[in-house]
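Architecture at a glance
Each chain, written out:
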Amino acid sequence: MSQLARAVRNPKYSLTAEAIVADYRLAFSSRRASIIGRAEVLRGNATFGIFGDGKEVAQIAMAKSFRPGDWRAGYYRDQTFMWATRMSNVREFFAQLYGNAQLESEPASGGRQMGNHFATRFLDDGGAFVRTVDIPNSSADVSNVAGWMPRLVGLAYASKLYRLNPQLKGVQDGFSVNGNEVAFGTIGDAATSEGLFWEAINACGVLQVPLAMSVWDDGYGISVPITAETTKASISDVLRGFTPDDRPGIDIYVVRGWDYPALIETYANAIDKVRREHKPALIHVTEMTQPQGHSTSGSHERYKTKERLRFESEYDCVARMRDWIIEAGVASESQIEGWEAADKEAVEAARDLGWEAFQTPVRAERDRAVAILRRIDMPEVAEITNSLDEAHKVTRALVMSSASRALHQTRGIDSPARAELASFVDAYRRENDDRYNSFVYSRSSSSPLQVPVVPPLYSEKSPVVDGRMVLLRNFDANFARDPRIFVVGEDVGRLGDVNLVFEGLQAKYGELRLTDTGIREATILGQAIGSAMRGLRPICDIQYLDYFLYALEVASDDLATLHWRTVGGQKAPVVIRSKGHRLVGIWHSGSPMSVLLNALRGVYIAVPRNMTQAAGFYNTLFQGDNPGIVIEVLNGYRLKERVPDNVGSFTVPLGVPEVLRTGTDATLVTYGACCAIALDAASTLEGLGVSCEVIDVQTLNPFDIDHMLVRSVEKTRALICVDEDVPGGASAFMMQQILEAQQGWWHLDAAPRTLAASPNRPAYGPDGDYFSKPNRESIVEAVYEVVRERQPWRFPPLDV
């Protein structure tokens, strides 16, 4: 059989000569863009470059099996695939390389991501989902190695739910066609050493989801050869134990990255089986090359041997495809040379248009600033103006810096020109703050901050139950209301959670709604992220907050940044459920709130003091479209609470503190498990003559939207922030918000105080808890000393 016949024998593809030539021209154009892109970085027109050279032909083969409705989660080598599927193009390639912040030019990230970080926009201008079944879809890339793998699991898992859960038939319109969508993943061979890769691959094998994982194997991870990275120097050999026998597993294919006919055939067969049988596959593409090295940060000649460099030249996939076309009689060399000349010229034209599109609006902004600066007659300002006016590459940072420095130089001068400059600086700062810093949180009408407040209602018939029963009845009501809601996590199904908040619900709603997983926190979260991107409403259950650290990278780098890094083009309204604060032992009593605060900007953080408040937060988040985490109090599941009559529908607003006890001498701000201890301490303080106001912040993010806390401080003129985090943690954050953001320092008559846990982990047992964390007596002493500082004659010392 001839090479050409072999390339076209699969009936799914009609590889005419015209199609083969089009494939080659795309591969050639992509390679030229990589070469030119590197040159643009070295010229100083772009900051950093990382490209997909050496992977072009395999990506073209993969793209032939990608359909509307399918999803991609990959990385920065995938430019040819993105062009082949028309999810991106050469113009957008250069726009992102330069950092063009106009969404019309760079729709993936609006200049927020470095080059070759891809995304499609699946939200409309109002923040609502579009019909993703009608378009090809790429979830937004991240740079952290293998960080997209957990999300990939979720994208594939959604297809399984849409196919197998009959309760979703009425809500899948626009999101799925009976789960026929395949999730395509890509990763470099070096990145397969990451734990997230192994966790994700194992999860896919267990879940049996329609996922096609391609490994681009060019033999190196920057300078480190594969022999120092992967056992047997082959990821497919290592994974052979995952292949199916009489038990389900993962189909594994191996194909060389320069063999165009074999790539076409392999991808056609592999993806057809994935789509038809809903089973995962891994395609190991070997003998790939990296002609320009890892990135623009260095040269691969420094670490590759002469033999390896010779191999990369001889087995370059674009050159090999060129030779094959000639040998197979598809086209002559002179024909190819003509096409290459035209395509090279087209890529260079795209570069020039991209540069002008990037610079034109910034130059106009520069010219506005220069016109204002010219009206200020000062030598120091003239020097700044001339430097700005003569700049070859104009950046907004340069415009802002120049205008700001000129404003500083003219301090104390009262003139119309300076007033105009000050107005420009203020407006330009706000304009660019929105350009680069907006959409950290949802701005849509479905934001959790827009959810109407529905207070809990009680009657004489409202039963008093263990706190866990409030949550159970609340989840029951929500599962009945919305078939899109499901929960994945350890022990949430058959057991109904280790604290029994889902007890009996799996039997009622099925295993696809309450699903037990292995001990794999990162991919539990990934299942939720990918599913939420596809219109479902997952609950990611992390059994203990101490173990959320396993998922923290995924939560921080992927989930928390998603809406921001796509400028509102993508969202994943995941609800994370966990439990923390006081219980027993080092790893079951954690309260690392400052870790979450600093790592999860973009995710709302609710810290309820009891299960009723937690239920209200869940109801709010289920109705909103921003991700959030609810941290239940570990020692509260057996404490008695009344079940609201409107359980399942009442809401607790985010960012609204609640005064638990009024007072006049000091304001004590806290949250979570510390609320009960603080109230106990306030009762003791009353006997000592101190009137202490206790306020539960309820959510750390958002924090006190209406500045209620500063009004309390204005009344009491004293502030104590208490929590179970380490010193300098969340208690310090609360103090910064009250004193700095809310200007509360102005009202203080005594030094503010934080009271946190010890800098070590909590020790075991009641005694360990008492001496590791704030307790009634330590709170009493802290508050008493603050008010005593103000009136020592009224309050004698407690310790003398």
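Provided above is the structure to which this section pertains.
Residues numbered from 1 in each chain as written. Predicted model: local features only at pLDDT ≥ 70, side-chain atom pairs only at ≥ 80, totals over all residues. Heavy atoms only, no water.

1. Some thoughts on the overall build of the protein
Secondary structure assignment for the protein yields 27 helices and 22 strands. Taken over C-alpha atoms, the radius of gyration comes to 30 Å for the protein, in line with the 28 Å a tight globule of 800 residues would show. Each principal axis of the C-alpha atoms in the protein carries an extent, and together these give about 100 × 80 × 50 Å. Carbon and sulfur atoms provide 52% of the accessible area of the protein, an area that totals close to 30,900 Å². One way to put it: in the protein the 85 positive side-chain charges average out to a point 2 Å from where the 100 negative ones average out. (Helix = DSSP H or I, 4+ residues; strand = E, 2+ residues; numbered from the N terminus. Rg over C-alpha atoms; globule rule 2.2 N^0.38 Å. Areas by Shrake-Rupley, 256 points an atom, 1.4 Å probe, with all protein chains shown as cover. Lys, Arg positive; Asp, Glu negative; His and termini not counted. Charge placed at Lys NZ, Arg CZ, Asp CG, Glu CD.)

2. Concerning the sheet that holds strand β1 (residues 71-73)
In space, the 6 strands of this open sheet follow the order β2-β1-β3-β4-β8-β7, with parallel pairing throughout. One side of each edge strand has no neighbouring strand; the edge strands of this open sheet are β2 (137-138) and β7 (251-256). As paired strands, β7 and strand β8 (residues 281-286) are joined by 6 bridges and run parallel to one another. Residue pairing across strands places Arg 256 opposite Thr 286, the latter belonging to β8. (Pairing = 2+ DSSP bridges.)

3. Describing the environment of Met 82
Tracing the backbone through its elements, the reader meets Met 82 in helix α4 (residues 79-84). Residue Met 82 is classed as buried on the basis of its relative accessible area of 0%. For the pair Met 82 and Gly 241, spaced 159 residues apart in the sequence, the C-alpha separation amounts to 32 Å. Among residues more than four places away in sequence, those in contact with Met 82 are Arg 72, Met 87, Ser 88, Phe 118 and Ser 138. (Buried < 20%, exposed > 50% of the residue type's maximum accessible area, 1.4 Å probe, protein only. Contact = heavy atoms within 4.5 Å.)

4. So, the state of the cysteines
Within the structure shown, the criterion is met by 0 disulfides. Cysteine Cys 674 shares no disulfide, and the gap to the nearest cysteine sulfur, in Cys 675, comes to 7.5 Å. On the accessibility criterion, Cys 674 (2% relative accessible area) is buried. (Disulfide = S-S within 2.5 Å.)

5. With respect to unusual backbone geometry
For the bond running from Asn 701 to Pro 702, omega is 5°, close enough to zero to count as cis. Even without a glycine there, the phi angle at Asn 178 is positive, about 55°. One non-glycine residue with positive phi stands out, namely Ile 222, at about 55°. Residue placement: Ile 222 occurs in the loop between β5 (220-221) and β6 (224-225).

6. Quick word on the pairing of strand β18 (residues 666-670)
β18 sits mainly inside the fold: 5 of its 5 residues count as buried. Burial along β18 is two-sided: the face carrying Ala 666, Leu 668 and Thr 670 and the face carrying Thr 667 and Val 669 are both buried. Where β18 meets strand β19 (residues 692-696), 5 bridges bridge the pair, whose relative direction is parallel. Note that in β19 the partner of Val 669 across the bridge is Ile 695.

7. Let's talk about the packing of helix α2 (residues 17-43) against helix α12 (residues 333-373)
Packing of α2 against α12 brings their axes to within 9 Å, and their N-to-C directions diverge by 45°. By the angle between their directions, the pair α2 and α12 is classed as oblique. Our pair here, α2 against α12, has a crossing hand that is right-handed. Across the interface between the two elements, Val 21, Tyr 24, Arg 25, Phe 28, Ser 29, Arg 32, Ala 33, Ile 36 and Glu 40 of α2 pack against Ile 336, Trp 339, Glu 340, Ala 342, Asp 343, Lys 344, Val 347, Glu 348 and Arg 351 of α12. Residue composition of the contact of α2 with α12, by class: 9 nonpolar, 1 polar and 8 charged. (Axes fitted to C-alpha atoms, helices over the stretch in contact; angles between N-to-C directions. Parallel < 35°, antiparallel > 145°, perpendicular 65-115°, else oblique. Left-handed = near helix turned anticlockwise from the far one by under 90°. Nonpolar A, V, L, I, M, F, W, Y, C, P; charged D, E, K, R; others polar.)

8. A look at the environment of Ser 334
One can find Ser 334 in helix α12. Exposure remark for Ser 334: the relative accessible area of 53% places this residue in the exposed category. Among the polar contacts made by the side chain of Ser 334, one reaches the side chain of Ser 332 at a distance of 3.1 Å. (Polar contact = N/O pair within 3.5 Å; in protein donor to acceptor, adjacent residues only side chain to side chain.)

9. Some words on the packing of aromatic side chains
The final tally for this structure, using the stated rule, is 33 aromatic pairs. Seen in terms of ring centroids, Trp 71 and Phe 122 are 5.3 Å apart; in terms of plane orientation they differ by 70°. Their pairing is edge-to-face. With Trp 71 in strand β1 and Phe 122 in the loop between α5 (90-98) and β2, the pair connects residues that are 51 residues apart, well separated along the chain. Here Trp 71 and Phe 122 have matching classes, each one buried. Ring centres of Phe 424 and Tyr 428 lie 5.2 Å apart, and the angle between their planes is 15°; this geometry places the pair in the stacked category. (Phe/Tyr/Trp six-rings, centres within 6.5 Å; stacked < 30°, edge-to-face > 60°.)

10. A word on the packing of α12 against helix α13 (residues 379-389)
Taken N-terminus to C-terminus, the directions of α12 and α13 make an angle of 155°; their axes are 10 Å apart at the nearest point. Considering their axes alone, α12 and α13 lie roughly antiparallel with respect to each other. Where α12 crosses over α13, the two elements pack in a sense that is left-handed. Touching Arg 366, Ala 369, Val 370 and Leu 373 of α12 are Val 381, Thr 385, Leu 388 and Asp 389, all from α13. Grouping the amino acids of the contact of α12 with α13 by side-chain chemistry returns 5 nonpolar, 1 polar and 2 charged.

11. Looking at the side chain of Thr 670
Within the element layout of this structure, Thr 670 appears in strand β18. In this structure Thr 670 comes out as buried when scored by relative accessible area, which is 0%. From its side chain, Thr 670 meets the backbone oxygen of Val 722 in a polar contact 2.8 Å long. Filtering out sequence-adjacent residues up to four positions away, Thr 670 remains in contact with Cys 675, Ala 678, Ile 695, Asp 696, Val 697, Val 722, Asp 723 and Met 734.

12. Focus: the pattern of salt bridges
One side chain can pair with another of opposite charge once the charged atoms of both are near each other. If you walk through the whole model with that rule in mind, you get 54 salt bridges. The residue Asp 245 makes a salt bridge to Arg 247 at a minimum N-O spacing of 2.8 Å. Judged by its relative accessible area of 56%, Arg 247 is exposed. Salt bridges here are not isolated pairs; linked through shared partners, they connect Asp 497, Asp 541, Arg 577, Lys 579 and Glu 632. (Salt bridge = Lys/Arg side-chain N within 4 Å of Asp/Glu carboxyl O.)

13. Regarding a nonpolar patch on the surface
Among the surface-exposed residues, Leu 583, Val 584 and Tyr 764 lie close enough to one another that they form a single nonpolar patch of about 320 Å² accessible area. In this structure, Val 584 sits in the loop between β13 (575-580) and α21 (593-599). Among the residues examined, Val 584 registers a relative accessible area of 34% and is labelled partly exposed. (Patch = residues over 30% accessible without salt bridge, like charges linked within 9 Å, V, L, I, M, F, W, Y side chains within 5 Å.)

14. Describing the side chain of Ser 214
Residue position: Ser 214 is located in strand β4 (residues 211-216). A distance of 2.6 Å separates a polar atom in the side chain of Ser 214 from a polar atom in the side chain of Tyr 267. Ignoring sequence-local partners within four residues, the contact set of Ser 214 consists of Met 62, Gly 185, Thr 186, Ile 187, Tyr 267 and Ile 283.

15. What to know about the nonpolar core
Membership of the largest hydrophobic core comes to 152 residues, with the highest contact counts inside it found for Met 149, Leu 525, Phe 548, Val 574, Met 593 and Leu 596. Broken down by element, the residue count for this core peaks at 9 residues, all from helix α6 (residues 149-164). Contact partners of Phe 548, with chain neighbours within four places excluded, come to Ile 542, Ala 555, Ile 576, Leu 596, Leu 600 and Ile 629. Core analysis: the second largest hydrophobic core is formed by 33 residues, Val 492, Leu 514, Val 575 and Val 643 among them. (Core = buried A, V, L, I, M, F, W, Y, C linked by side-chain atoms within 4.5 Å.)

16. What about the sheet that holds β18?
With mixed pairing, 5 strands are arranged side by side in an open sheet as β17-β19-β18-β21-β22. Two strands bound the open sheet, and with one partner strand each, they are β17 (658-661) and β22 (753-755). Going across the sheet, the axis of each strand differs from the next one's by a mean of 25°, ignoring polarity. When β17 meets β19, the two strands line up antiparallel, connected through 3 bridges. From the neighbouring strand, Glu 658 faces β19, where its bridge partner is Asp 696. Relative to the sheet, helix α25 (residues 730-741) contacts β18, β21 (719-722) and β22, its axis offset from that of β21 by approximately 145°.

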